[in-house]
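Chains, contacts and geometry: an overview
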Amino acid sequence: MAANLPEDTSPSLRLPTLDDVRDAQKTLTGVARVTAMEGSRFLTRLVGSPVQMKCENLQRTGSFKLRGAYTRIAGLTPEERSCGVVAASAGNHAQGVALAASLLGVASTVFMPVGAPLPKVAATREYGATVRTHGQVVDETLAAAQEYARETGAVFIHPFDHPDVVAGQGTVGLEILEQCPEVRTVVVGIGGGGLAAGVALAVKSLRPDVRVVGVQAEGAAAYPPSLAAGRPVSLERVATMADGMKVGRPGDVPFRIVGDLVDEVRTVSEDALSSALLLCLERAKMVVEPAGGSPVAALLAEPEAFEGPVVAVLSGGNVDPLVLQRALRHGMAAAGRYLSLRLRLPDRPGVLAALLGELSLADANVLAVNHVRIDPGLAIEEAEVELQLETQGPVHCEKVRTALRSAGYIVLD
């Protein structure tokens, strides 16, 4: 049974087909890895049916982007290849284009924003690209890359808005059906939409009964208003820790496919993204970037909404160590693993030591103490203590509060 695929009625907009995805799969043979499918016992218990993770974070260059970039560059004519290629990216697409071009013997130039994470800049150079930094945001970097293409004749490789790129990303969908033929729901993150469009095209063409759910960060959710309007619309502001989702406007090509074939687009909070990173690291031993963990965030937020077996696409693992550190702290706080308290104490010798003793008995690990003794709101013989504690979860947090109150301490928050 064939899916109700969108018809390309616009002469200026070519949409990829299932045959294009299958051709891309042949092109990528020996280039892109057939990434592993790993089960998650924790998510399986949470959802109530089997959950598998499609590990594109283990793909070459650390994300799915190699698939689309290589497919696009491989399709260039010899004359086009001789002019080289150019791209603009803060990370994953940059690395995918750099490696794909090197493998095909094509010169590549990649524009990256000023302040792009140093590990991603270094990796892009190591894959063979000439890196140029320009602009503070990706839009400025994109404009510089397009100007370079006009001046030099280099072919601009768009990160998501091209049929060949969508077809390349669609090979993830073919692999999902091969590796998990019993799948009922595929959950995939959405930035510009290339991956979601490709996966939906492949899956719905072969298995229209499978539900495809897209996930966006709340602070960069351009698809819900665009789908409501029936056309791509631009966000005035984009703000999220998920760099791979910082796209203010859907691509024209993926938008058409997502609108017709993706069953639902959900949004997730920053807390949910952080919690997903923490879960992937602790339970699955998987390092993912925030955008890559977005499908897991959606499962955590509303597990009963997904019919299983479920496949969650971990789209990438290229996370800056400093961002990972902050995200994990945020995730631990969202999971109740950190507790902030303010207490009012008598300002006498030994009182603070006694408080720390009570916390030790409650198995709370003290991370920071701020002892305030001079404040207009305090009585002459009072002090206030601000505590940052490491705990074992929400239940333990409440036990700590209860233990302190039982010991006679005034817990303000």
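Scroll up a little and you will see the structure.
The structure contained in this document is the topic of the report that follows. (Residues numbered from 1 in each chain as written. Predicted model: local features only at pLDDT ≥ 70, side-chain atom pairs only at ≥ 80, totals over all residues. Heavy atoms only, no water.)

1. Quick look at the overall build of the chain
Quick reminder of the rule: Helix and strand definitions here come from DSSP, where helices need a minimum of 4 consecutive H or I residues and strands a minimum of 2 consecutive E residues; each element is numbered from the N-terminal end. We call a residue buried when its accessible area falls under 20% of the maximum for its residue type, exposed when it is over 50%, and partly exposed in between, using a 1.4 Å probe and counting protein chains only. Residue contacts are counted whenever heavy atoms from the two residues lie within 4.5 Å of one another. Areas reported here follow the Shrake-Rupley algorithm with a probe of radius 1.4 Å; residue values treat only the protein chains shown as occluding. This count recognises Lys and Arg as positive and Asp and Glu as negative, with His and chain-terminal groups excluded. Throughout, a charge is located at the NZ atom of Lys, the CZ atom of Arg, the CG atom of Asp or the CD atom of Glu.
A count of helical and extended segments in the chain gives 16 helices and 14 strands. If one aligns the C-alpha atoms of the chain with their principal axes, the spans along those axes are about 80 × 50 × 40 Å. Per-residue burial over the chain gives 53% buried out of 413 residues. Here the analysis covers contacts within the chain between residues at least 6 apart in sequence; of these, 73% occur between residues at least 24 apart. Approximately 18,100 Å² of the chain is accessible, and the part contributed by carbon and sulfur atoms is 50%. Where the 38 positive side-chain charges of the chain centre and where its 46 negative ones centre are 3 Å apart.

2. A closer look at the side chain of Arg 266
Threshold: Distance and chemistry together define a polar contact, namely a pair of N or O atoms within 3.5 Å, with one atom able to donate a hydrogen and the other to accept it when in protein, and with adjacent residues in sequence counting only for side-chain atoms on both sides.
Note that Arg 266 resides in strand β9 (residues 264-268). Look at Arg 266 and you get buried, because its relative accessible area is 16%. Within the local environment of Arg 266, its side chain forms a polar contact with the side chain of Glu 302, the two groups lying 2.8 Å apart.

3. Overview of unusual backbone geometry
Of note, the amide linkage connecting Gly 308 to Pro 309 takes the cis form, showing an omega dihedral of -5°. With respect to the helices and strands, Pro 309 occurs in the loop between α13 (294-301) and β10 (310-314). Unusually for a residue other than glycine, Thr 61 sits at a positive phi of about 70°. Looking at where Thr 61 falls in the secondary structure, it is placed in the loop between β2 (51-55) and α3 (65-74). Relative accessible area serves as the criterion here: at 5%, Thr 61 is assigned to the buried category. With a phi close to 60°, Asp 363 is a non-glycine residue in the positive phi region. For Asp 363, the location among the structural elements is in the loop between α15 (351-361) and β12 (365-372).

4. What about the pairing of strand β8 (residues 211-217)?
Applied cut-off: DSSP bridges decide pairing: two strands pair if at least two such bridges lie between them. The handedness of a crossover follows from its direction of travel: if, with the strands pointing away from the viewer, the path from the first strand over the helix to the second runs clockwise, the crossover is right-handed.
Most of β8 sits inside the fold, with six of its seven residues counted as buried. When strand β7 (residues 185-189) meets β8, the two strands line up parallel, connected through five bridges. Bridging from a neighbouring strand, Val 188 pairs with Gly 214 of β8. In this view, the connection linking β7 to its parallel neighbour β8 by way of helix α9 (residues 194-206) has right-handed handedness. By the bridge criterion, five bridges tie β8 to β9 in an arrangement that is parallel. Looking across to β9, one finds that Ala 217 is bridged to Val 268.

5. Let's talk about the pattern of salt bridges
The criterion, for reference: Within this document, salt bridges are pairs made up of a side-chain nitrogen of Lys or Arg and a carboxyl oxygen of Asp or Glu, the two lying within 4 Å of each other.
Applying the stated criterion to the full structure yields 15 salt bridges. Here Glu 175 ties to Arg 67 by a salt bridge, and the two come within 2.9 Å at their closest N and O atoms. Of this pair, Glu 175 sits in helix α8 (residues 163-179) while Arg 67 sits in helix α3, and the two are 108 residues apart along the sequence. Here the two residues Glu 175 and Arg 67 agree in accessibility, since each one is buried. We note a salt bridge from Glu 398 to Arg 401, for which the minimum N-O separation is 3.6 Å. Linking Glu 398 with Arg 401, this pair stays in helix α16 (residues 394-406), spanning three residues, or about one helical turn. Judged by its relative accessible area of 41%, Glu 398 is partly exposed. Through salt bridges with shared partners, a single ionic network connects Lys 54, Glu 56, Arg 67 and Glu 175.

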